[in-house]
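Residue strings, one per chain:
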Amino acid sequence: AGLTPVVADTLPLADPFVLTIERISRDDPLRVLGNLPSEDTVPTVTTQLEEGLNAFAVLTDITPAQGEPFDGWNETIVNVALLFGQLDAWTVSANGMDLILIAKAQNELEKTALLNATRGAIEGTNLTIVDRIEVDVPSVKFDELNAGLQGVSSCGPLTLTGGTDG
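Quantities reported herein were computed from a predicted structural model and do not represent experimental measurements.

Participant: Account for the overall build of the protein chain, naming residues and giving values.
Facilitator: Counting its regular elements, the protein chain contains four helices and six strands. Across the protein chain, helices and strands are ordered from the amino to the carboxyl terminus as β-β-α-β-α-β-β-α-β-α. On C-alpha atoms alone, the protein chain measures out to a radius of gyration of 22 Å, which is more than a quarter above the 15 Å that the 2.2 N^0.38 rule sets for 166 residues. Projected onto its principal axes, the C-alpha positions of the protein chain cover 90 × 35 × 25 Å. Long-range pairs, those at least 24 residues apart, make up 64% of the contacts in the protein chain between residues at least 6 apart in sequence. Summing over all exposed atoms, the protein chain offers an accessible surface of approximately 10000 Å²; the carbon and sulfur share of this is 51%. Averaging the positions of the 8 positive and the 24 negative side-chain charges in the protein chain gives two centres separated by 8 Å.

Participant: I'd like a rundown of the sheet that holds strand β5 (residues 98-105), residues and numbers included.
Facilitator: Judged by pairing direction, the sheet is mixed, and its six strands sit side by side in the order β3-β2-β1-β4-β5-β6 without closing on themselves. Looking at the sheet topology across the chains shown, the edges are occupied by β3 (58-64) and β6 (128-135). Adjacent strand axes in the sheet meet at a mean angle of 5 degrees, parallel and antiparallel pairs treated alike. Pairing of strand β1 (residues 18-23) with strand β2 (residues 30-36), which is carried by four bridges, proceeds in the antiparallel orientation.

Scoring rules and cut-offs
Residues numbered from 1 in each chain as written. Predicted model: local features only at pLDDT ≥ 70, side-chain atom pairs only at ≥ 80, totals over all residues. Heavy atoms only, no water. Helix = DSSP H or I, 4+ residues; strand = E, 2+ residues; numbered from the N terminus. Rg over C-alpha atoms; globule rule 2.2 N^0.38 Å. Contact = heavy atoms within 4.5 Å. Areas by Shrake-Rupley, 256 points an atom, 1.4 Å probe, with all protein chains shown as cover. Lys, Arg positive; Asp, Glu negative; His and termini not counted. Charge placed at Lys NZ, Arg CZ, Asp CG, Glu CD. Pairing = 2+ DSSP bridges. Axes fitted to C-alpha atoms, helices over the stretch in contact; angles between N-to-C directions.

Spelled out as structure tokens, the structure:
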């Protein structure tokens, strides 16, 4: 007796259908967690991510399920994750029709570019972007800021009060 192949109708229903693709650091493997429409989809997704993000490994914890919000949903989520390749750490997570982007951009320009590229990748899908991209603002030391103020004072010394380093 041979093995019976798993058909879509026998897969559990995932509601919501979720998929998270995450890079903790460039030294760690990518992680892919959640649902895909079949077990056969897993190698395709991992290969796409390994090649597109130059990842040395992809760890997966996938539950094949029914309930994909639209045909091509998982490909869309993977394509969005590929846009984040230049960042060291990020998470692209889809929960049904919500697409959650978590990352630290170096500046507003990089954040805007990531959001615009994501909007282009999801155009026509009705996915909603949940923007959790932070801009990494470098800290300024109190003494440096105070010294800088003295260089621009034109009518006497300026004083900076309050605050602490860090």
